[in-house]
Amino acid sequence: QVQLVESGGGLVQPGGSLRLSCAAPGSIFSISTMGWYRQAPGKQRESVASIMSGGTANIADSVKGRFTISRDNAKNTVYLQMNSLKPEDTAVYYCNAHTWFGPKKDYWGQGTQVTVSS
């Protein structure tokens, strides 16, 4: 079973920063667009950011200018740098790997809680 291992969540005050990390097996990472999603209580899961193998990134309008996604292909790890955090960023954040080679599949991490509160 493919495992995506997330880390970096926690409690932070408004205006603070956090960096999430997600490590994936190399066999999956190399053929995947990597992304971050979030789900707040009572809301649907939404896409936050994604990054293709070559580095092209997409960022949701709600976090543009505050969040940055990056990937280290040598470490098979994707990062989400979150700055200027707001209470409305509070959610469980999930890492996703969407394979683009061969059968299209989605793999998910277990989720990491991010809470923005004073």
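Bear in mind the structure is a predicted one, so any value in this text is a computation, not a measurement.

A. Just unusual backbone geometry, in detail. Of note, Asn76 is a non-glycine position whose phi angle comes to about 55 degrees, a positive value. Locating Asn76 in the fold gives a position in the loop between β7 (67-72) and β8 (77-82). The partly exposed category is assigned to Asn76, whose relative accessible area is 22%. The phi torsion at Ser84 lies on the positive side, around 50 degrees, for a residue other than glycine.

B. Broad picture of the sheet that holds strand β3 (residues 18-23). Sheet architecture is open: four strands sit in the order β1-β3-β8-β7, paired in antiparallel fashion. Two strands lie at the open edges of the sheet, namely β1 (5-7) and β7, each paired on one side alone. If you compare each strand with its neighbour and ignore which way they point, the axes differ by 15 degrees on average. Bridge count for β1 against β3 is three bridges, and the pairing is antiparallel. Considered in β3, the bridge of Glu6 is made with Cys22.

Scoring rules and cut-offs
- Residues numbered from 1 in each chain as written.
- Predicted model: local features only at pLDDT ≥ 70, side-chain atom pairs only at ≥ 80, totals over all residues.
- Heavy atoms only, no water.
- Helix = DSSP H or I, 4+ residues; strand = E, 2+ residues; numbered from the N terminus.
- Buried < 20%, exposed > 50% of the residue type's maximum accessible area, 1.4 Å probe, protein only.
- Pairing = 2+ DSSP bridges.
- Axes fitted to C-alpha atoms, helices over the stretch in contact; angles between N-to-C directions.

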